[in-house]
Amino acid sequence: MRLAAAIAAGAVALSFSVGAYAQGPMVIKFSHVVAEATPKGQGALKFKEIAEKLLPGKVQVQVFPSSQLFGDAKEVEALLLGDVQFIAPSLSKFDRYTKKIQLYDLPFLFDDIEAVDRFQQSKDGQDLLSAMKNRNLLGLAYWHNGMKQLSSNRDKLERPEDVKGLKFRIQASDVLEAQFRALGANPQKMAFSEVYQALQTGVVDGQENTWSNMYSQKFYEVQKTIANTNHGVIDYMVVTNAKWWDGLPEDVRKGLKQAMDEATAYANKMANDFNERDRKLIADAGKAKIQALTKEDVAAWRKAMEPVWQKFEGDIGKDLIQAALKSNQ
Ligand code: LMR
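Residues numbered from 1 in each chain as written. Predicted model: local features only at pLDDT ≥ 70, side-chain atom pairs only at ≥ 80, totals over all residues. Heavy atoms only, no water.

Engineer: Tell me what's going on with the overall build of the chain, and back it up with residues and numbers.
Structural biologist: Looking only at helices and strands, the chain features 13 helices and 11 strands. A globule of 329 residues ought to have a C-alpha radius of gyration of about 20 Å, and the chain, at 20 Å, matches this closely. Expressed along its principal axes, the backbone C-alpha trace of the chain runs to roughly 60 × 45 × 40 Å. For the chain, with 329 residues in total, the buried portion stands at 55%. (Helix = DSSP H or I, 4+ residues; strand = E, 2+ residues; numbered from the N terminus. Rg over C-alpha atoms; globule rule 2.2 N^0.38 Å. Buried < 20%, exposed > 50% of the residue type's maximum accessible area, 1.4 Å probe, protein only.)

See the structure below:
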């Protein structure tokens, strides 16, 4: 019922947008949940700058950061309803729309962000951008954020036994839920905008995220230890409403696609720069200890999380997992 309403409203939004274009610049809204000083925040602003330069007088792009317009729970629905035209949720948050994208949440699948990039640029990676088209969600690009680290309010975070019984905030992903259960911890799905307070008040003991998110959200101020696990990836898919996109005048769609390609290159460069910078800033702040891990420690985390793969390989597909693994070479 909800989806039917959303699809119908998508058609209304489409005719409204084209009509509005005839009278003045088409207003295009880009909503996201992170701060402006993050790779995604900067990428969205770059997209605005280039789109308005390429399509003068034709489009006006409005960017809404920090869940100001829509948070995690509502942004996809808002896109389907035509209330916003671009969002860039982390890949973990598409779990409800396609099982295949769960691939990206498998722990220790990719060795580093370069391997993630190689997979995303491969045919299999590019095909996933259209995996939700039957749900009216079209992926236009991947944007990097970076590799995930684990943090907690305990002094030690060296081995899996250090998180037993602790409560961890997770994104809305069944794979991540299984990952923390495999560690003997208690996962709790929660919107990004609520994490700082949940950590501060002890509603949860820990979380997993990139350096840039932990710095911009000040998680390091309310956590005691951050372990350099690199155990997974948090990247984004910039998605639009497929009906709206297909119904755009040709020149507008072309200009927006070019702006998206240029903003993608920019956001990806920012991701490397921000993660490196924010890791140092967190270390310099001296509030949370950064726990370096030995090879043996990392192997122990990997082993403890291993059972997750088997649980999801049926839904994701063995071939797709093999294709992703190849990008490590
Ligand atoms: C999170 O919810 O932890 C992050 O994925 C938020 C984001 O968009 O980076």
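Back to the text.
Engineer: If you had to explain the pairing of strand β1 (residues 26-31) to someone new, which residues and values would you point to?
Structural biologist: Two strands pair when backbone bridges link them, and β1 and strand β2 (residues 59-64) are joined in this way by six bridges, in the parallel orientation. Across the sheet, I28 pairs through a bridge with V61, a residue of β2. Following the chain from β1 across helix α2 (residues 39-54) to the adjacent parallel β2, one finds a crossover that is right-handed. (Pairing = 2+ DSSP bridges. Right-handed = clockwise from strand over helix to strand, strands pointing away.)

Engineer: Now, about the environment of M147: what can you tell me, with residues and values included?
Structural biologist: If you trace the backbone, M147 turns up in strand β4 (residues 137-147). For M147, a relative accessible area of 10% translates into the label buried. As a C-alpha pair, M147 and N275 span 128 residues in sequence and 8.9 Å in three-dimensional space. With residues up to four places along the chain from it excluded, the contact list for M147 reads F110, D111, D112, I113, V116, N209, T210, N230, G232 and V233. (Contact = heavy atoms within 4.5 Å.)

Engineer: Before we move on, could you go through the nonpolar core and cite the residues and values that matter?
Structural biologist: Grouped burial of nonpolar side chains is what soluble globular proteins tend to show. Counting 46 residues, the largest nonpolar core has F30, F47, F86, W143 and L256 as its most contacted members. At seven residues, the largest contribution of residues to this core is made by helix α10 (residues 250-285). Membership of the second largest hydrophobic core comes to 38 residues, among which are Y97, V239, F312 and I321. (Core = buried A, V, L, I, M, F, W, Y, C linked by side-chain atoms within 4.5 Å.)

Engineer: Quick one: what's the story with the packing of aromatic side chains, residue by residue and with numbers?
Structural biologist: Tallied over the entire structure, the rule returns 14 aromatic pairs. Between W244 and W245, the ring centres sit 6.5 Å apart and the planes meet at 45 degrees, which makes this aromatic pair tilted. Across the pair, W245 and W244 agree in class, each one buried. Here the aromatic cluster, defined as three or more aromatic residues joined through ring pairs, consists of F30, F47, F86, W143, W244 and W245. Cation over ring: K46 sits above Y266, and NZ or CZ is 4.5 Å from the ring centre. (Phe/Tyr/Trp six-rings, centres within 6.5 Å; stacked < 30°, edge-to-face > 60°. Lys NZ or Arg CZ within 6 Å of the ring centre and 35° of its normal.)

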